[in-house]
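# Coordinate analysis (summary)
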Amino acid sequence: MSHATRVRQEIQRFLAIEPVQVAELELDDGGALRPGPGSPPVTHGEVFLLVRRGGRPVATLLGRVPEGADPRAALTALARRHVDAGPEAVPTAVPTAVTVPFTSVVIATRERADRLAHALDSMLAQDHPDFEIVVVDNAPVTDATRLLVERKYAQRVRYVTEPVPGLAVAHNTGLAAARGDVVAFTDDDVVADPHWLTELTAPFAADPGLGCATGLILPARLRTPAQVLLESHGGFAKGFTPRTYDPAGPPADEPLFPFTAGRFGSGANMAFRTGVLRAVGGFDPATGAGTLARGGDDLYGFVRVLAQGHRLRYTPRALVWHHHRETWQDLETQAYGYGAGLTAYLTAILVNRPALLPAFLARLPRGLAHARTLTAVRDAEGPDGAAGVPGGHDDRGHPWPRRLSRLQRKGMAYGPVGYLRARRAMRTVSRGSVLSEVSGGGR
């Protein structure tokens, strides 16, 4: 079978993937059922369900509502069978008061004013008592973002521009502008749970040695084949078990620690102690979306903070809903970018912290095996015969087409080259900026 024929078949199977409804169910206080952000009310069919207890996320389930059945009753019964039999059945004590630090929320954006407005609305609905919002307009080509902030969010959102393209550059600009003791980062394509910022930042008050915190990321909707397939590949979620990663006591079940930074969380839901992130130099500007490196800026930040001896906390109570990309072309770009970002950030770490090279080389054989697992081709049908239903967290048993696997591996091969090219481009931009300032000052 030719490569072109195989790709056509994969795309045909991809187009046959059915949409999945997204909803959330509160098991306590009568069991309210709500659709996910941007999703219509739940009817019959497949449902990706977030289960809450006392308002807190405790599990996700994939269920089916039979035609003619009451969605709330059907999903409540499913959730009780699962949750009441599992560790989520044990309620966690709720503190009477939560101490949280003054926090700066940084959102980098580029020409997506409509999407940004939804993100900002959710930020302004946070129950955190003391925070600011900084929007970084990255290499804008129109005034749409500035006008949105000025006209709709004046006095509530600070607007800054960063002319140099690149997510890490924009994040560093936000870091420089931040006034908070903690700086949280999220994307312009998320909707944050009202408790997100409080839950994400409370661990910093409880642990003076904490340098970074990450949280839970779930799909806002699964209405296109691309969104379903990405979530089937594992999505962005890291499960519902809180965990602290401590470089003083490396986890026994993480032999690649700290180099498998993707296990810790993602850039759409992360926070750092501001002084710690500034002390390590922020994010490497040659990493991230919008650069030749294609990604890896968040992973770089995680490892740099851990390498300085600070702890990292994953807390699933800090929830954001993410709008996944919608088309096959988006998936191809994303698969390649994930691969490139992975090896680009590793290259950045070794360039900036060469003392980590011996530890990296010692883990390299296992790392290569881990990379093969991440990018493995999987059949177009799941274990129950369903095409492309979302899998469990860290479950790699669901579909991942050969084309996307190949693009991930190509991206991994390109990542170090892309990073070095991005560094060179950044040096050129820096020299150009200096020359412009000198020329401007002489007039």
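Residues numbered from 1 in each chain as written. Predicted model: local features only at pLDDT ≥ 70, side-chain atom pairs only at ≥ 80, totals over all residues. Heavy atoms only, no water.

## Regarding helix α5 (residues 167-177)
In terms of burial, α5 is largely enclosed, as nine of its 11 residues are buried. Inspection of α5 places Ala-168, Val-169, Ala-170, His-171, Asn-172, Thr-173, Gly-174, Leu-175 and Ala-177 among the buried residues, and these make up the whole buried set. (Buried < 20%, exposed > 50% of the residue type's maximum accessible area, 1.4 Å probe, protein only. Helix = DSSP H or I, 4+ residues; strand = E, 2+ residues; numbered from the N terminus.)

## Looking at the pattern of salt bridges
Within this structure, the stated rule accounts for 20 salt bridges. The shortest N-O distance in the salt bridge between Arg-146 and Glu-150 comes to 3.0 Å. One end of the pair, Arg-146, and the other, Glu-150, are both in helix α4 (residues 144-152), four residues apart, so they sit about a helical turn from each other. Arg-403 is paired through a salt bridge with Glu-332; the nearest N and O atoms lie 2.9 Å apart. (Salt bridge = Lys/Arg side-chain N within 4 Å of Asp/Glu carboxyl O.)

## Regarding the side chain of Arg-221
Tracing the sequence through the fold places Arg-221 in the loop between β10 (210-219) and α7 (225-232). Judged by relative accessible area, which is 13%, Arg-221 ranks as buried. Apart from residues lying up to four places away in sequence, Arg-221 is in contact with Val-22, Gly-38, Ser-39, Arg-115, Gln-227, His-323 and Glu-326. (Contact = heavy atoms within 4.5 Å.)

## Some words on the packing of aromatic side chains
For the structure on display, the rule yields 10 aromatic pairs. Seen in terms of ring centroids, Phe-257 and Phe-264 are 6.0 Å apart; in terms of plane orientation they differ by 70°. Their pairing is edge-to-face. Take Phe-264: its relative accessible area is 0%, and that puts it in the buried class. Where Phe-272 meets Phe-302, the ring centres are 6.2 Å apart and the plane angle is 25°; that geometry is what we call stacked. Of the two residues, Phe-272 is situated in strand β12 (residues 270-273) and Phe-302 in helix α9 (residues 297-307); the sequence distance between them amounts to 30 residues. Classification of Phe-272 by relative accessible area gives buried; the value is 0%. The exposure class of Phe-302 is buried, given its relative accessible area of 0%. A connected cluster of aromatic rings, assembled from ring pairs, spans Phe-185, Phe-272, Phe-283 and Phe-302. (Phe/Tyr/Trp six-rings, centres within 6.5 Å; stacked < 30°, edge-to-face > 60°.)

## Re the sheet that holds strand β3 (residues 45-53)
The strand order β2-β1-β3-β4 describes an open sheet built from four strands, whose pairing is mixed. The open sheet has two edge strands with one neighbour each: β2 (33-35) and β4 (56-65). Averaged over all neighbouring strand pairs, the angle between strand axes comes to 25°, with direction disregarded. Of the strand pairs in this sheet, strand β1 (residues 21-26) and β2 are connected by three bridges, and their pairing is antiparallel. Within β2, the position partnered with Ala-23 by the bridge is Pro-35. The sheet strands contacting helix α2 (residues 71-83) are β1, β2, β3 and β4, and the helix crosses β4 at an angle near 120°. (Pairing = 2+ DSSP bridges. Axes fitted to C-alpha atoms, helices over the stretch in contact; angles between N-to-C directions.)

## Digging into unusual backbone geometry
Pro-258 follows Phe-257 through a cis peptide bond whose omega is 5°. Tracing the sequence through the fold places Pro-258 in the loop between β11 (243-245) and β12. Located in the positive-phi region is Ala-139, a residue other than glycine, with phi close to 50°. With a phi close to 80°, Arg-294 is a non-glycine residue in the positive phi region. Looking at where Arg-294 falls in the secondary structure, it is placed in the loop between α8 (274-279) and α9.

## Observations regarding the pairing of β10
As a general feature of sheets, a regular strand has side chains that alternate between the two faces. Buried residues dominate β10, accounting for 10 of its 10 residues. Inspection of the sheet shows β10 paired to strand β13 (residues 311-322) by nine bridges, in the parallel sense. Bridging from a neighbouring strand, Cys-212 pairs with Leu-312 of β13. Across three bridges, the pairing between β10 and β12 is antiparallel. Looking at β12, one finds that Ala-213 is bridged to Ala-271.

## Some points on the confidence of the model for the protein
On average, residues of the protein score 87 in pLDDT, and 88% of them are at 70 or above. Note on residues 380-389: pLDDT is under 50 here. Beyond four places in sequence and across chains, it has 19 contacts. Note that pLDDT drops below 50 for residues 431-443; the model gives that stretch zero contacts with residues more than four away or on any other chain. (pLDDT = per-residue confidence, 0-100.)

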